[in-house]
Amino acid sequence: MRTGSTIYRLLGIHAFCLILGLGHSSGIEITSDAQWTLSDSPVSVTEKVVIRPGATLVVDAGVTVMLAENAGILVEGSLLAQGSSSQPILFTRATGSNGWPGIEFSGTRVWNAFSSRSVFEFCRFEYVSNEVALQAWEVDLDFSNCVFETITDTVIRSHDGKLRLADSLFRNCGEGVNAVRCDADISRNRFYHIRNGADAIDVDLEYSGEGLKPANIAQNIIEYCSGDGIDLGSSGARISGNLIRRCADKGISLGEGSNARVENNVVLHCPIGIAVKDRSAPVMANNTVANCTVGVSVYEKEIGMGGARGHWVNGIIWNCEESIRLDLLSFLDVRYSVIGGAEVWP
């Protein structure tokens, strides 16, 4: 689809475009399967695109999609944008625009089956101006080998859905990813220069669907984050194998009754390496915290929530100004660990 024309590769019955005037599209509604091909690129979108339930829009490898300031995409069906390392797909602002509104995903869930699934591989997203660039409700989302850059506020926020985010780069953005009541797997990503006091990874509450599905946060690299590296609220997520350094607040923050399992992580150069707060009771094993102001802090943050407790096993807290900090309401069981360069504790 180019400016001034409507170009689709139709896979199914039809798609239609509402035209108010010559060369001006007031809105695009996709009601059956459609495709944006490399021969259509750059695809210029001047108004909102709506992909209706049951319809799928395929964006071919190598396509550039340029969106105007009021030209977001609403996905009620499916959006498949599967590029390659040699032919990535670009979602960006139109020439002369300050930004574009981003993509919203809206579906339904019955038990653990979702009406809407969207996949993004080797895609680049940039210059989104909305408060949330990619926002989803009750959908199945899969991102891999993607780049998110120059996005002022939150990049991905998913509610009550399934989220897979792997092998992707977040750079010069606001909050990287916020998963709320999701079946989430966030693995092997890099978060670099997260701005505006935001967290790189924020996981809140347990999955709202059928069965126990703790979030998995594994093997990510988080550097120069202006908030927390990883922030849990009322979550039993598994946090493992992550490298976190030079965050402005906490490397890992566990709050509001988060009974997480935290294993094999390295946290360096943060004001607080790992914070355990407000009725949280994590198991922390085989972690290294070094060169932080406070290594591990266990405390009540919100008045009336109560203290926290945790288990620290087979770990290292090294070269911190204060290795362990406890308030009067909290408790930390420390075993088989090296604390502050002393003998193995206890």
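Cut-off values and rules
- Residues numbered from 1 in each chain as written.
- Predicted model: local features only at pLDDT ≥ 70, side-chain atom pairs only at ≥ 80, totals over all residues.
- Heavy atoms only, no water.
- Helix = DSSP H or I, 4+ residues; strand = E, 2+ residues; numbered from the N terminus.
- Buried < 20%, exposed > 50% of the residue type's maximum accessible area, 1.4 Å probe, protein only.
- Contact = heavy atoms within 4.5 Å.
- Areas by Shrake-Rupley, 256 points an atom, 1.4 Å probe, with all protein chains shown as cover.
- pLDDT = per-residue confidence, 0-100.
- Phe/Tyr/Trp six-rings, centres within 6.5 Å; stacked < 30°, edge-to-face > 60°.
- Lys NZ or Arg CZ within 6 Å of the ring centre and 35° of its normal.
- Pairing = 2+ DSSP bridges.

1. A few points about the overall build of the protein
And step 1. Each helix and strand in the protein was counted, giving zero helices and 44 strands.
And step 2. Oriented by its inertia axes, the alpha-carbon framework of the protein measures out at about 75 × 40 × 35 Å.
And step 3. Residues counted as buried form 54% of the 346 residues belonging to the protein.
And step 4. A fraction of 45% describes how many contacts in the protein between residues 6 or more apart in sequence connect residues 24 or more apart.
And step 5. Total accessible area on the protein stands at roughly 14200 Å², and carbon and sulfur atoms take up 49% of it.

2. Some points on the confidence of the model for the protein
And step 1. Model confidence for the protein is summarised by a mean pLDDT of 91, while 90% of its residues fall at 70 or above.
And step 2. Low confidence marks residues 1-26, where pLDDT is under 50. Its contacts with residues over four positions away, or in another chain, come to 64 contacts.

3. A closer look at the packing of aromatic side chains
And step 1. A full pass over the atoms with the stated rule returns 11 aromatic pairs.
And step 2. Between phenylalanine 91 and phenylalanine 125 the ring centres are 5.0 Å apart and the planes differ by 5 degrees, which places this aromatic pair in the stacked class. Taken as a pair, phenylalanine 91 in strand E11 (residues 89-93) and phenylalanine 125 in strand E16 (residues 123-126) lie far apart in primary sequence, 34 residues in all. A single burial state applies to phenylalanine 91 and to phenylalanine 125, both of which are buried.
And step 3. Directly above the aromatic system of tyrosine 127 lies the positively charged group of arginine 93, at a separation of 3.7 Å from the ring centroid.
And step 4. Positioned above the aromatic ring of tyrosine 192, the side-chain terminus of arginine 190 is 4.9 Å from the ring centre.

4. A word on the pairing of strand E21 (residues 162-166)
And step 1. Relative to E21, strand E18 (residues 140-144) is paired through five bridges, and the arrangement is parallel. The residue bridging serine 144 from the neighbouring strand is alanine 166, located in E21.

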